[in-house]
Amino acid sequence: MQLANYHFALAVWILVAAVPLLLPAKPLAAETQTVKTGYYLYQYPPAEEGQDADGKPIPVPFAEGRLTDGDIEDHGEAVSWAPGTGSGSMSVVFDLLTDRVLDRITFVAGPSPIPWHGMQTAAVSCRASSDPKLRLVGMELLWPWGQGGMQSFAMNGQKVRYIQIRLNRMHPAKFQPREVIIEVAADDSIDSATLLEPDVETLVRECTREPLLVDRYGQALYEDWPEKVTSDEQLVMEGEEETELLADVALSPESERLDRYGGLKGWHSFPGTGFFRIEKIEGKWWFITPEGNPYIALGVDGCGAATVGANQGAASTALFVTGTQTPRETFAELPNLAQFPEAYGEYSGVKKVNFATANLKRKHGSDFMTRWHTVMGKRLRHWGFNAAARWMRNGQIEGIDLPYTNLLWDWPGWSSPKRLGNRLDPFAPDFAANMEAANKETLISSRNDPWILGWVFENENGWGYGTFNEMLGKNRDWPCKWEFVSFLADRYDGNLVQVTEMLGVATESFDELADLPLDPQKISNELRGEFIRLASELYYRTLSELIRKYDPNHLFLGSALVYTGCPEWVEGSIDYVDGLSFNAYSHDATLHDGYNKYDKPRIILEFGLSVFGRGLGGWDFAPDHKTRGLIYRHFVEQVAAHPYIIGLGYFKAFDDFPDIGFQPAENFNMGLVNICDQPYHEMVEQVKIANERAYDIRTGKAEPLTKEELGL
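Described below are features of the structure shown in this document. Starting from 1, residues in each chain are numbered consecutively following that chain's sequence as written. Only residues with pLDDT of 70 or above have their local features reported here, since the model is predicted, and side-chain atom pairs are shown and tallied only from 80 upward, although totals for entire chains, interfaces and linings are computed over all residues. Here the side-chain values reflect all heavy atoms present in the structure, with hydrogen atoms and water set aside.

### Focus on the overall build of the protein
- Counting from the N terminus, the helices are DSSP H or I runs at least four residues long and the strands are E runs at least two residues long. Helix and strand counts for the protein stand at 16 helices and 28 strands.
- Contact definition: two residues touch when any of their heavy atoms are within 4.5 Å. Contacts spanning at least 24 positions in sequence make up 71% of the contacts within the protein whose residues lie at least 6 apart.

### Examining the sheet that holds strand β28 (residues 645-650)
- The 4 strands lie next to each other as β14-β28-β25-β24, forming an open sheet whose pairing is parallel. Either end of the sheet is taken by a strand with one partner, and the two such strands are β14 (297-300) and β24 (580-583). The mean inter-strand angle of the sheet, taken between neighbouring strand axes irrespective of direction, is 15°.
- Sheet analysis places β14 next to β28, joined by 4 bridges and oriented parallel. Looking at the pairing, Ala297 lines up with Gly647 of β28.
- Across the face of the sheet, helix α14 (residues 625-641) comes into contact with β14, β25 (602-607) and β28 while running at roughly 160° to β28. Whether two strands pair comes down to DSSP finding at least two bridges between them. Axis definition: a line fitted to C-alpha atoms, over the contacting stretch in the case of helices. Angles run 0 to 180 degrees between N-to-C directions.

### Concerning helix α15 (residues 681-698)
- With 18 residues, α15 should cover 26 Å at 1.5 Å per step; its first-to-last C-alpha distance of 26 Å lies within 8% of that length.
- To get the bend at a given residue, fit one axis to the seven residues ending there, fit another to the seven starting there, and take the angle between those axes. At Glu692, α15 is bent by approximately 30°, the largest bend along its length.
- Restricting attention to buried positions, one finds in α15 the residues Met683, Val684, Gln686, Val687, Ala690, Asn691, Ala694, Tyr695, Ile697 and Arg698.
- Considering only its buried residues, α15 is in contact with β12 (284-288), β13 (294-295), β14, α14 and β28.
- In the stretch just after α15, Gly700 is the one whose phi turns positive, near 85°. A helix is expected to span 1.5 Å for every residue after the first. Each residue gets one of three labels from its accessible area relative to the maximum for its type: buried under 20%, exposed over 50%, partly exposed in between, using a 1.4 Å probe on protein chains only.

### Some remarks on the pairing of strand β7 (residues 135-141)
- With 6 of its 7 residues buried, β7 lies for the most part within the structure.
- Across 6 bridges, strand β6 (residues 119-127) lies against β7 in antiparallel orientation. Among the inter-strand pairings, Thr121 is bridged to a residue of β7, identified as Leu141.

### A closer look at unusual backbone geometry
- Following Phe651, the chain continues into Lys652 via a peptide bond in cis, with omega recorded as 20°.
- Among the secondary structure elements, Lys652 is positioned in the loop between β28 and α15.
- Of note in this structure, Arg614 is not a glycine but carries a positive phi near 55°.
- Summarising the element assignment, Arg614 is placed in the loop between β26 (610-611) and β27 (621-622).

### Some words on the environment of Asn495
- With respect to the helices and strands, the residue Asn495 is situated in the loop between α9 (479-491) and α10 (496-503).
- As for Asn495 and Phe510, which are separated by 15 residues in sequence, their C-alpha atoms are 9.7 Å apart.
- Within polar-contact distance, the side chain of Asn495 engages the backbone nitrogen of Val497 at 3.2 Å. In protein, a polar contact means a hydrogen-donor-capable atom and an acceptor-capable atom, both N or O and within 3.5 Å, with residues adjacent in sequence counting only if both atoms are side-chain atoms; elsewhere, any N or O pair within 3.5 Å suffices.

### Observations regarding the pattern of salt bridges
- When a carboxyl oxygen of Asp or Glu is within 4 Å of a side-chain nitrogen of Lys or Arg, the pair counts as a salt bridge. In this structure the tally under the stated criterion is 35 salt bridges.
- For Asp515, the salt bridge goes to Arg476, with nearest N and O atoms at 2.9 Å. Residue Asp515 is located in the loop between α11 (510-513) and α12 (525-550), and its partner Arg476 is located in the loop between α8 (465-472) and α9; the two are separated by 39 residues in the primary sequence.
- Relative accessible area serves as the criterion here: at 35%, Arg476 is assigned to the partly exposed category.
- Notably, a salt bridge pairs Arg491 with Asp490, separated by 2.5 Å at the nearest N-O pair.
- Several salt bridges share partner residues, and in doing so they unite Arg127, Glu206, Arg209 and Glu329 into one network.

### Re empty space enclosed by the protein
- The distinction between a cavity and a pocket rests on a 1 Å grid over the protein atoms alone: a 1.4 Å probe fits inside a cavity but cannot get out, while a pocket stays open yet meets protein on both sides within 12 Å along at least five of seven lines, and a residue with an atom within 4 Å of a point counts as lining. Grid points are joined across faces, edges and corners, and a volume is the space filled by probe spheres set on the points. Summed over all chains, the structure comprises 9 cavities of 30 Å³ or more.
- Taken as a whole, the largest cavity spans an internal volume of roughly 100 Å³.
- As for the largest cavity, its lining consists of 13 residues, and the residues nearest its centre are Arg614, Leu616, Asp655, Asn674 and Ile675.
- For the lining of the largest cavity, the class distribution of residues is 7 nonpolar, 3 polar and 3 charged. Throughout this entry, Asp, Glu, Lys and Arg are counted as charged residues, while Ala, Val, Leu, Ile, Met, Phe, Trp, Tyr, Cys and Pro are counted as nonpolar. The remaining residues, Gly among them, count as polar.

### Points about the packing of helix α4 (residues 232-245) against helix α5 (residues 355-364)
- Between α4 and α5, whose axes approach to 7 Å, the crossing angle comes to 70°. Considering the angle they form, α4 stands roughly perpendicular to α5. Residues Asp232, Leu235, Val236, Glu238, Gly239 and Glu242 of α4 form the contact with α5, whose own contacting residues are Asn359, Arg362, Lys363 and His364. Note on terminology: angles under 35 degrees are roughly parallel, angles over 145 are roughly antiparallel, angles of 65 to 115 are roughly perpendicular, and the others are oblique.

### Some points on the sheet that holds strand β17 (residues 350-354)
- The strand order across the open sheet formed by 3 strands is β15-β17-β16, and the pairing between neighbours is antiparallel. Pairing within the sheet leaves two strands with one partner each, and these edge strands are β15 (316-318) and β16 (344-347). In this sheet, adjacent strand axes meet at a mean angle of 40° when their direction is disregarded.
- Relative to β17, β15 runs antiparallel, the two sharing 3 bridges. The residue bridging Ser316 from the neighbouring strand is Asn354, located in β17.

### A look at the nonpolar core
- Buried residues of nine kinds, namely Ala, Val, Leu, Ile, Met, Phe, Trp, Tyr and Cys, make up a nonpolar core once their side-chain atoms join them within 4.5 Å. Phe287, Cys303, Phe484, Trp569, Tyr632 and Leu672 are the most contacted members of the largest nonpolar core, which totals 148 residues.
- No other element matches α12, which puts 10 residues into this core.
- Leu672 has contacts with Val300, Trp383, Phe385, Tyr650, Lys652, Ala653, Gln678, Pro679, Tyr680, Met683, Val684 and Val687, leaving out every residue within four places of it along the chain.
- Val35, Tyr42, Ala109 and Val137 belong to the second largest nonpolar core, which has 28 residues in total.

### Re the environment of Ala438
- Tracing the backbone through its elements, the reader meets Ala438 in helix α7 (residues 431-446).
- C-alpha of Ala438 to C-alpha of Trp411: the two residues are 27 residues apart in sequence and 5.1 Å apart in space.

### A look at α9
- With 13 residues, α9 should cover 18 Å at 1.5 Å per step; its first-to-last C-alpha distance of 18 Å lies within 8% of that length.
- Looking at α9, one finds that the buried residues are Pro479, Cys480, Lys481, Phe484, Val485, Phe487, Leu488 and Ala489.
- Downstream of α9 by a residue or two, Asp493 has a phi angle that is positive, lying close to 55°.

### Some details on the pairing of strand β20 (residues 404-408)
- Counting buried positions over the 5 residues of β20 gives 4, a clear majority of the element.
- Bridge count for β20 against strand β23 (residues 452-457) is 5 bridges, and the pairing is parallel. When the sheet's bridge partners are listed, Leu408 is paired in β23 with Phe457.

### Structural notes on the packing of α5 against helix α6 (residues 368-382)
- Packing of α5 against α6 brings their axes to within 9 Å, and their N-to-C directions diverge by 95°. Classed by the angle they form, the pair α5 and α6 counts as roughly perpendicular. For the pair α5 and α6, contact is made by Thr357, Leu360, Lys361, Lys363 and His364 and by Phe368, Arg371, Trp372, Val375 and Arg379, respectively.
- Per-class residue counts for the contact of α5 with α6 are 4 nonpolar, 2 polar and 4 charged.

### Some thoughts on the side chain of Glu206
- For Glu206, the location among the structural elements is in helix α3 (residues 200-208).
- Among the polar contacts listed, one links the side chain of Glu206 to the side chain of Arg127, at a separation of 2.9 Å.
- Setting aside residues no more than four positions away along its own chain, Glu206 makes contact with Val93, Arg127, Leu134, Tyr162 and Gln164.

### Focus on the packing of aromatic side chains
- Stacked, edge-to-face and tilted labels apply to pairs of Phe, Tyr and Trp rings (six-membered ring for Trp) whose centres lie within 6.5 Å, assigned for plane angles under 30 degrees, over 60, and everything in between, in that order. The final tally for this structure, using the stated rule, is 37 aromatic pairs.
- Where Tyr261 meets Trp451, the ring centres are 4.4 Å apart and the plane angle is 50°; that geometry is what we call tilted. Taken together, the residues Tyr261 in the loop between α4 and β11 (277-281) and Trp451 in the loop between α7 and β23 connect sequence positions 190 residues apart. As far as the burial class goes, Tyr261 and Trp451 line up, both buried.
- An aromatic cluster of three or more residues is present, and its members are Phe427, Phe431, Phe457, Trp463, Phe468, Phe484, Phe487, Phe531, Tyr539, Tyr540, Phe556 and Trp569.
- For Lys228, the ring lying beneath its charged end belongs to Trp225, and the centroid distance is 4.8 Å. The rule is short: NZ of Lys or CZ of Arg within 6 Å of the ring centre and within 35 degrees of the ring normal puts a charge over the ring.

Following this line, the structure appears as structure tokens:
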């Protein structure tokens, strides 16, 4: 399936799945009226309104504002923020000038010309004049992304003066709401003489205020669900029940059917080398375990101790407002520091708290980490997983060994000023030396580890066309720019006149040309692709030689590339990697079939699924957790049948913390387990079935089920 078709299909699927959300949150009051008196202020004003001559935010009267003019149907061109404005989220604050009894707030999202460039979610928070806390009313998904839509939030007679609408967005080209309609009961009359003037400083502050979001367990306050934790006793009871359920589950997969690594015995056997390698069997690529048996990796990302440690981990969150020592207003109650010191820590200079860590201690007692390791290890075995995939310090959860991919990084390269965005410049003269200094000791210390599936260098960081365009704007101090000019000189046999005519510039030498910004539109796709391939070849050749020098025992599996890269970057790696790796947030096993012609196996190191709600967003939404499990099952069974895919990693073990855009962090519901260590049982039931069927499907004993057969 083509990517554009996939995006369209996903948008339609989300729309169908979310149709109930289109309905009013409650029946309209017999009579309501729209609030027409007040002001609003943008956190980052668009060019069209809401800013003074210096670009600073100023309040916009309701009577004059585009957001409050009542014209839902026809706004002409959508008002937009300039590309790169603000962060991944921003807010608009409304001041009603006095407390009003609200019936509902209706939000109309403006369209974006590109489907993935619109707003993803809207969160509405309110407070009365006398209330020191901003309180979250609700958060809703705006679907289909980029196409606009309408969403109502029931206010149920709350008294409100200030309203904050926070928009979470997916792309630097951001589009704002078209309309916000604030309704009050018809009998909510006010005396205009009592209305106050808006205070700019207050409104600016309200733009960045965080609402009260979570309870003492880190769960969303404003939403309820059947298994929501309400007491420590509930956590203890659930822990005891699950321990009993898993009592007979073995931590090792070794059996008559499987070897100690999870490889398939008795089908095709090879001499054991003591390390994982790859082999094509009956037209399909396989890993081969250190004992010599075929193996397909069925893994989970982030399932080790790092997931629940305070310093790292999906469920951790900042204690202070970004860049300040101001305590966040998000928490109804923080874990007691004396009782839960393990839940607190610092990571990359940010002081953090991890509610999952505190919940595990409540659940399992003082020896919670050891007990949790056993439970998590047994869960993974019970659910049919045979790998840790990635995002672990090593492949071990205490008491259980799991094959895993090991990650190499470019430190100390991170400190280099010669980076194109986050992308390394492989033409830099110190590139090879930096990579060796950063990774030599890791390679040496790990080269005898039999549990490593292979090495992956960086994460989602290959060159894309945007990287190439950025390089064109640099000068001769950038090795890649100098190399590109040399590349042009070589392709045109040193004919400067031809090169300058092609580029539309005037210069007297190739040396001077290296200092000029160049127009990407003047360069053919063929030349651009050829140069990106050259950069990729140098990058992967250098890394391959480094790995072979210090660790000849393990595979090199590429760089976990995503859509931000380009085909030429992948093509440049082919001669230097043992397999290709991708992070593919898609449910289409054929997504990368264009690379089949190179006859290289590939592994999907990240894919994920979400259900919107409980304060969590995500990527690729399912309407409920059972459907999430069925989509997982369909995808994994298709992967198991695919001749080139030798493994995958589900992203990820734990949910994130339910922030809604105030902190620079994800707030995804992609976990198999939530922040209170409760498995999503309806999902993992289907996960277990898919994982158990994978070997039969790959060996041809069973056929993967279709979407229709699964009821999707």
